[in-house]
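# Chains, contacts and geometry: an overview
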Amino acid sequence: MKFIYRGNLLFYFLILSISLHAEDTLKINIHQGDSIFLKNSFYLMAASMNIEAQKAQILQAKLYPNPTFSAEFNLYDPENKKVFHLGKNGQMSFALEQLIIIGGKRKKEIEMAKTNASISELEFQQLVKNLKYELHTHLFSIGQQEFLLHKYNQQLTLLDSLLSAYQNQVDKGNIPMKDLVRLKGAYLKLNNDRAETFKEYYQSQSIVQKILQVSSVVKFDFDEDYIIKYIQPTSLEDLQANVSSNRPDLLILEQNNILSEQYIQYQKKLAIPDITVFTSYDQRSGVFRNEMNTGFSIPLPLWNRNQGNIKTAQFALQENQYNYDGLYLEILTNIKNSYAFYSQTVLEFEKSNTLYNEDFEITIQAMTTNFQKRNISIIEFIDFFESYNEVLMELSRIKTQLVGSAEELNLLTGTDIF
C-alpha cells in the first residue's frame with residue numbers, strides 16, 4: 001500500500017513537472033495573450049479574408065456589363081454549290097450589342113456591396129470580442145487551477161509522509177488500524193480533488209491553446225492583486241446606455257436593416273427596363289449590299305413590374321426590424337441579470353478577503369505539527385484538513401467567478417469596462 005501511494009504521488013508530480021515547467025511553456029499575462037491572439041489566430045485571418053472578399057464585391061458592382069459580339073458566316077451556298085462562300089459575292093454578317101443599365105441600378109448595387117462589407121467588418125469585431133472573452137476567462141481559470149494544484153501537491157506530500165509513519169506504527173501495533181484508514185481516506189479524497197482540478201486545467205489549456213494557436217503549455221503570469229481591477233464602480237443604467245452603438249451583433253442587424261432598405265430600392269429599380277443598343281453589318285442578305293444597321297431593344301413592363309420581389313423585400317425589412325427589437329430586449333435583460341450576479345460576486349470576493357488571511361496557513365502548519373506530536377486526534381486533524389481544502393476551493397471559485405462575471409459584462413455591453 002505504501003508503494004502505491006508513493007507511486008501515485010510520483011506520477012502526478014511528474015505530470016505537473018512536465019506540464020508546468022517544460023521548455024515549451026509559454027508564460028504570458030493578459031496583454032501578451034491578447035497580442036499573440038490578434039497576431040496568430042487563424043480564425044481572425046479567415047474572417048479578414050471575408051472582409052477583403054466583400055470589398056472586392058464593391059469593385060465588381062462598379063463594373064459595366066461587357067458588350068456582345070456576334071458573327072454569322074455562310075456554311076453552304078446551294079446556288080453556287082460552295083462551302084463557306086465568304087468572298088465579295090458570298091455572305092457574312094456581324095453584330096455588336098451593349099446593354100445600357102438605366103434607373104440607377106448600378107448605384108444601388110454598389111451601395112449594397114458597401115453595406116455587406118461593413119457587415120463583414122462588424123462580424124470580425126464580434127469574433128474578436130467572443131474569442132477575447134474565452135481567452136481571458138480561461139487564462140484566469142488556469143491561474144487558479146495552478147494555485148490549487150500547487151497547494152494539493154504540498155498537502156499530498158505531507159499526507160504521504162504521514163501515511164508512511166502511520167503504517168510503521170500500525171505494523172508495530174502502536175496505532176490502531178482505523179486511524180490509518182481515516183488518513184488513507186483523506187489522501188484519496190484530496191487525490192480525487194486534485195485529479196478533477198487537473199482535468200479542468202487541461203480543458204482550459206486546450207481552449208487557450210486553440211485561441212492562441214500555440215502548442216506550448218500556457219502558464220498565466222499574474223498577480224493576485226490584478227483581480228482587484230475587475231471591481232469597478234458602475235451602474236446598470238451606465239451598462240445599458242450605449243449598448244446599441246457598441247454591440248457588434250446589434251450593429252450588424254442595423255446594417256441588415258439598411259441593406260434591406262437598399263434591396264427594396266434595388267428591386268424597384270429592376271422594374272425599370274434596361275435598353276440594349278446594337279449595330280450590325282450584313283454583306284448580302286439585307287435589302288442593300290454591305291448593309292450597316294443600328295437599333296435598340298427594350299422590354300415592355302406590361303405585366304411583370306417586379307411586384308413580388310418588391311413585396312418580399314419589404315417583408316424582409318420588417319423581419320429584420322423584429323429581430324433587432326428582440327435581440328435588443330434580450331441583451332438588456334442579460335445585462336441586468338449579469339450585473340446582479342457580478343454585484344453578488346464582488347460582495348463574496350470582498351467578504352472572503354476579510355476572512356482569509358495568513359492565519360489559515362499558520363493554523364494548518366500548527367495543526368500538522370500538533371498532530372505529528374499526537375497533541376490532537378486524527379479526527380480533529382482530518383476535519384480541519386478537509387475544511388482548509390474546502391476554503392481553498394471556495395476562494396478559487398470566488399476569484400474565477402468574479403473575473404468571469406466581469407468579462408461577461410464586457411462581452412454583453414460590447415465595451416472594455418474592466
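Scroll up for the structure.
Residues numbered from 1 in each chain as written. Predicted model: local features only at pLDDT ≥ 70, side-chain atom pairs only at ≥ 80, totals over all residues. Heavy atoms only, no water.

## Topic: the pattern of salt bridges
Tallied over the entire structure, the rule returns eight salt bridges. Of the charged contacts, one joins Glu146 and Lys219 as a salt bridge, the two residues approaching to 3.6 Å between their closest N and O atoms. Here Glu146, found in helix α4 (residues 105-172), pairs with Lys219, found in strand β6 (residues 218-220); they are 73 residues apart in sequence, far enough to count as distant. By relative accessible area, which is 9% here, Glu146 ends up buried. Residue Lys219 is classed as partly exposed on the basis of its relative accessible area, which comes to 24%. Glu394 is paired through a salt bridge with Arg397; the nearest N and O atoms lie 2.4 Å apart. (Salt bridge = Lys/Arg side-chain N within 4 Å of Asp/Glu carboxyl O. Helix = DSSP H or I, 4+ residues; strand = E, 2+ residues; numbered from the N terminus. Buried < 20%, exposed > 50% of the residue type's maximum accessible area, 1.4 Å probe, protein only.)

## Section: the packing of aromatic side chains
In this description, an aromatic ring pair is defined by two values, namely the gap between the centres and the angle between the planes. This structure, assessed with the given rule, holds 18 aromatic pairs. An angle of 20° between the planes, with centres 5.6 Å apart, marks the rings of Tyr166 and Phe371 as stacked. With Tyr166 in helix α4 and Phe371 in helix α10 (residues 358-372), the pair connects residues that are 205 residues apart, well separated along the chain. Comparing Tyr166 with Phe371, the two get one shared label, buried. Taken together, a centroid distance of 6.4 Å and an interplanar angle of 85° make the contact between Tyr226 and Tyr230 edge-to-face. (Phe/Tyr/Trp six-rings, centres within 6.5 Å; stacked < 30°, edge-to-face > 60°.)

## Quick notes on the pairing of strand β7 (residues 275-282)
Summarising the sheet, strand β5 (residues 92-100) and β7 pair through eight bridges and their orientation is antiparallel. By the bridge assignment for β7, Ser93 is matched with Asp282. Inspection of the sheet shows β7 paired to strand β8 (residues 291-297) by seven bridges, in the antiparallel sense. Bridge pairing in β8 links Thr276 to Ser297. (Pairing = 2+ DSSP bridges.)

## Points about the packing of α4 against α10
Running from N to C, α4 and α10 cross one another at 10°; their axes reach a closest spacing of 12 Å. Relative to α10, α4 is oriented roughly parallel. Here Lys151, Leu158, Leu162 and Tyr166 of α4 come into contact with α10, specifically with Glu361, Thr368, Phe371 and Gln372. (Axes fitted to C-alpha atoms, helices over the stretch in contact; angles between N-to-C directions. Parallel < 35°, antiparallel > 145°, perpendicular 65-115°, else oblique. Contact = heavy atoms within 4.5 Å.)

## Digging into a nonpolar patch on the surface
Taken together, the side chains of Phe73, Leu75, Tyr76, Val83, Phe84 and Leu86 make up a nonpolar region of the molecular surface, amounting to roughly 610 Å² of accessible area. Note that Phe84 resides in the loop between β4 (82-83) and β5. (Patch = residues over 30% accessible without salt bridge, like charges linked within 9 Å, V, L, I, M, F, W, Y side chains within 5 Å. Areas by Shrake-Rupley, 256 points an atom, 1.4 Å probe, with all protein chains shown as cover.)

## Topic: unusual backbone geometry
Even without being a glycine, Phe84 presents a positive backbone phi close to 50°. One non-glycine residue, Arg374, adopts positive backbone phi at about 65°.

## So, helix α3 (residues 42-62)
An ideal rise of 1.5 Å per residue puts 30 Å on 21 residues; α3 measures up with 31 Å between its terminal C-alpha atoms. Listed as buried for α3 are Leu44, Ala47, Ile51, Ile58 and Ala61. One face of α3 carries all of its buried residues, which in axial projection span an arc of 90°. For α3, the exposed residues set more than 90 degrees away from the buried face come down to Phe42, Met49 and Leu59. Packing partners of the buried residues in α3 comprise α2 (30-40) and α4. At the N-terminal end of α3, a side-chain oxygen is found 3.3 Å from the backbone nitrogen of Tyr43, two or three residues along, and the residue is Ser41. (Expected span 1.5 Å × (residues − 1). Arc of directions from axis to C-beta. Polar contact = N/O pair within 3.5 Å; in protein donor to acceptor, adjacent residues only side chain to side chain.)

## Observations regarding α10
For α10, with 15 residues, the first-to-last C-alpha span of 22 Å sits near the 21 Å given by 1.5 Å per residue. Tucked inside the fold, the buried residues of α10 contact α4 and α11 (378-413). Looking one or two residues beyond α10, the residue adopting positive phi is Arg374, at roughly 65°.

## Section: the packing of helix α5 (residues 177-212) against α11
Where α5 meets α11, the closest approach of the two axes is 10 Å, and the angle between their N-to-C directions is 5°. Between α5 and α11, the angle is such that the two are roughly parallel. On α11, the residues touching Asp179, Arg182, Leu183, Ala186, Lys189, Leu190 and Asp193 of α5 are Ile378, Ile379, Phe381, Ile382, Phe385, Glu386, Asn389 and Met393. Partitioning the contact of α5 with α11 into residue classes produces nine nonpolar, one polar and five charged. (Nonpolar A, V, L, I, M, F, W, Y, C, P; charged D, E, K, R; others polar.)

## Quick look at the sheet that holds β5
Here four strands make up an open sheet; going across it, the order is β2-β5-β7-β8 and the pairing antiparallel. Bordering the open sheet on either side are β2 (68-73) and β8, each of which pairs with just one other strand. Sheet twist, expressed as the mean angle between neighbouring strand axes with direction ignored, is 15°.

## Quick word on the side chain of Ser204
Take Ser204: it is sitting in helix α5. Classification of Ser204 by relative accessible area gives buried; the value is 5%. In this structure Ser204 touches His138, Ser141, Ile142 and Gln145, once residues within four positions along its chain are discounted.

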